[in-house]
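Survey of secondary and tertiary structure
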Amino acid sequence: MVHGSLDVFVHPLVGKLAPISLADNRPYFSTSMRQCRDAFFNNSHKKRGSDYYFFLTKDTTGRFLIPGKNLIFLGGNSVDNISESLFRAYGAARGVQRETDSLVLDSVVFQLIRLDSLQSPMERTYPFHDDTENLASTNGLVAYAFWEQNTDGTLVLPQGLKLPFKRNFGKVNLAVDNYWLRPFYSANNRFLAPIHFALVFLVLFIMLILRKKVNERADKVFHVHTKRALRLLRTVLWLLFFVVGYLVFWSTDALYKHMFFNSTQYNHLGNINTPRFMQYLFSSNSALDQPANSVYWEIYLKEKGLWKMKRMKKVLYFKVVVDSLGRRKSTRLLYDSDKLHCDKYVQQAQTHLMVYHYYSDRGVFLNSRVYNYSRSDITRKFTLPDPPKRILVFVNGYRPVSQGGTAEQALASIQKNGVEFSNSKNICYNDDRFNYWRPWGGFDLRFIERIHPNEVYYADGHHAVATSNHRSILNFVQTATNYPKPCHGPHHCEFSDNSQGKGKTLAQLPFKSNKAGFNLRRSNGRIAGRNLLQLLNEVPGQSNNDSLFIVAHSMGYAYTLGMLEVLKGSCHFNAFYIIAPENAEAGAVNMSQWNEVYQYGSFPFGPLRQAPCLQDGVAPQTAVKGLSENRFTFPLDYERKMGFTNSHFIGYYDWIFNLPSWQKGSVKQH
């Protein structure tokens, strides 16, 4: 029996919104639907991810929904029973097959019961601008799954499959029972075990014996006048000696990684339950994080009372047996694959998916359904049209632990968060997770209003000050303390006092490129790029006709370059807005790949140079390589807002939106 409660609200702007047409069959919400939806949540109601929302309009008939989302638009001008229409629409949104309207009501209930038997209650989030994705699942290169198995290989019910989160790392078990495989050294993703050296020493011992035999034979064969040839032979033998040892070591290492990383036993923990095992896995020093370089599942299963791990490919295939009422009787993992194969659809998967093959308890095949990591049924997405979409990505820079305020407030922030936040976790968010853009006059919203994207994502390019040209917090603090404040009246800041006496003011700024720090941020950006690619390609290859818009600030520039290395060829690059980039000269853009690329910030050199006291001291500005003349700076009436930190502050770049639409550098209205 399906239970639920229904709350009724009157829209706060009833009669003031544009009419809604439900005839649009595109797989994303129309502008009028967005306005209606956002006005409701922004004015009268806090959105909860676990609820389903029906927007009823009396001016039309029909309905519009996207399977897997909890927003449904329903026309009330119909002779149909409104209660039954609501229930059928709810079933379609939950993922019941497309023929919902033609099914008798009992069949709809039957399918909903089956869905409930597979899905555990969970908080579901549906961002306002996430209009084509079914569900914004957590993202990461490694998808974790936990389950317990019966002796026949089926999952223990009713617990079933537990999918807690994704991460950008897998786990390596150091507490293995086998002495030869137990690592005694680990650093920078390098693990060494006795097996490495045992095999090398064995081979070297054999080689020493062989070398001795060869030398004895050579002494008998070569005459005295051929000592040069004898020395050459011995040199070749030594070289061969080390080459063979090297090859044996790396061959052993490759085999070791295949065995040790892809599967392991946790027998030493005994028969413990899932919560206790997860607590051990993510808190014990014996289970180390291993950064992932590819997309895979990390499966933890309990078999015969003991836990073990297996790494598997992107798509897991299950056999699910249901009874005549659609209730799940058993679930069994069949196999894994990098290809998504459902009915006649076969493609290389680009994210973590599950395919459930349903059978009756008499062994009759019923159908196959595809689920994403958040357990949302996305089967219909493979039959829907794939319209070109606009994808807008915001990439933030350094996040200070304190956003100003009093000295006491700053000290409290440092005591709570430390001197710096840890580096980015390299995942993508569906909202301004760190309040980096939104507080400053809705900076991100102004881009959204101009570009009108179908999907919006936020990437975190934050890294330690050590990766910047300042190279340490101490250097930054000293420079910021000694650097002159903006002049009042005529500028007299060309020269100023420093630790070495009086000299050029600009010489205090760190223009020397920190290439190592820049490349670290770019490298981590590649991980975020892979995660974004997963979100865009839940249906493989779905992003090929999408247009990408990116807004990057400060450290986010290097991070974005890493993301673009991964995204290249997967979507069209439309516009790239680079705001106050840190160490810009260390990276480059390919203008031929973009329709528009613009850099915004202060000018320390050249014909448009501004006074030294007005320069960006947080990230001294240099030109992005590959960018021709598309650099823009503050208008004259913003001089009072400029300075060491102010010229870098994202909130003072609102002048970008004041540029005329015909002028280069403007954010065009789409």
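Heads up: the structure comes first, above all this text.
One structure accompanies this document, and this report is about it. Given the structure is predicted, the values throughout are model-derived calculations rather than measurements. (Residues numbered from 1 in each chain as written. Predicted model: local features only at pLDDT ≥ 70, side-chain atom pairs only at ≥ 80, totals over all residues. Heavy atoms only, no water.)

1. Focus on the pattern of salt bridges
For the structure on display, the rule yields 17 salt bridges. For Glu303, the salt bridge is made with Lys308, and the minimal N-O distance between the two is 2.7 Å. The network of salt bridges with common partners includes Asp386, Lys389 and Asp546. (Salt bridge = Lys/Arg side-chain N within 4 Å of Asp/Glu carboxyl O.)

2. A closer look at helix H2 (residues 82-94)
In a regular helix each residue adds 1.5 Å, so 13 residues correspond to 18 Å; H2 covers 18 Å between its end C-alpha atoms and thus fits that length. When we look at burial in H2, the residues that qualify are Ser85, Leu86, Arg88, Ala89, Tyr90, Gly91, Ala92, Ala93 and Arg94. (Helix = DSSP H or I, 4+ residues; strand = E, 2+ residues; numbered from the N terminus. Expected span 1.5 Å × (residues − 1). Buried < 20%, exposed > 50% of the residue type's maximum accessible area, 1.4 Å probe, protein only.)

3. A word on the sheet that holds strand E3 (residues 71-75)
The three strands lie next to each other as E1-E3-E2, forming an open sheet whose pairing is mixed. Lying at the two open borders of the sheet, with one neighbouring strand each, are strand E1 (53-57) and strand E2 (63-65). Each strand axis lies, on average, 15 degrees off the axis of its neighbour in the sheet, ignoring direction. For E1 and E3, the ladder comprises five bridges, and the chain directions are parallel. Across the sheet, the residue bridging to Thr57 is Gly75, located in E3. Here H2 sits on the sheet in contact with E1, E2 and E3, set at roughly 145 degrees to E3. (Pairing = 2+ DSSP bridges. Axes fitted to C-alpha atoms, helices over the stretch in contact; angles between N-to-C directions. Contact = heavy atoms within 4.5 Å.)

4. Quick notes on the nonpolar core
Grouped together as the largest cluster of nonpolar side chains are 40 residues, with contacts concentrated most on Trp147, Leu161, Tyr266, Phe277, Trp297 and Tyr300. Those elements that provide at least two residues to this core are strand E4 (142-148), helix H6 (274-281), strand E11 (296-303), strand E12 (306-312), strand E13 (315-322) and strand E17 (353-360). The leading source of residues in this core is E4, at six residues. Setting aside its immediate chain neighbours within four residues, Tyr300 contacts Tyr144, Ala145, Phe146, Trp147, Lys171, Tyr266, Phe277, Leu281, Trp307, Lys308 and Met309. (Core = buried A, V, L, I, M, F, W, Y, C linked by side-chain atoms within 4.5 Å.)

5. Side note on the sheet that holds E11
Strand pairing within a sheet occurs via backbone hydrogen bonds; the two strands may be parallel or antiparallel. Spatially, the five strands line up as an open sheet ordered E5-E4-E11-E12-E9, and their pairing is mixed. At either margin of the open sheet sits one strand with a lone partner, and together these are strand E5 (166-167) and strand E9 (263-265). Pairing analysis gives three bridges linking E9 to E12, with the strands arranged antiparallel. Counterpart to Ser263 in the pairing with E12 is Lys310. Here H6 sits on the sheet and contacts E4, E11 and E12; the angle it forms with E4, its principal contact strand, is near 145 degrees.

6. Side note on the packing of aromatic side chains
Across all of its chains, the model carries 56 aromatic pairs by this definition. Relative to Phe73, the ring of Phe55 lies with its centre 5.1 Å away and its plane at 20 degrees, an arrangement referred to as stacked. Taken as a pair, Phe55 in strand E1 and Phe73 in strand E3 lie far apart in primary sequence, 18 residues in all. Relative accessible area serves as the criterion here: at 8%, Phe55 is assigned to the buried category. Between Arg399 and the ring centre of Phe421, over which it is positioned, the NZ or CZ distance is 5.2 Å. Lying over the aromatic face of Tyr638, Lys641 brings its terminal NZ or CZ to 4.5 Å of the ring centre. (Phe/Tyr/Trp six-rings, centres within 6.5 Å; stacked < 30°, edge-to-face > 60°. Lys NZ or Arg CZ within 6 Å of the ring centre and 35° of its normal.)

7. Focus on the pairing of strand E25 (residues 572-579)
In terms of residue burial, E25 counts as a mostly covered element, since seven of its eight residues are buried. Here strand E24 (residues 547-553) runs beside E25; their pairing, made up of seven bridges, is parallel. Note on E25: the bridge partner recorded for Val551 is Tyr577. Each parallel crossover has a hand, and for E24 linked through helix H11 (residues 556-567) to E25 it is right-handed. Relative to strand E26 (residues 594-600), E25 runs parallel, the two sharing six bridges. What sits directly across from Phe573, in E26, is Trp594. (Right-handed = clockwise from strand over helix to strand, strands pointing away.)

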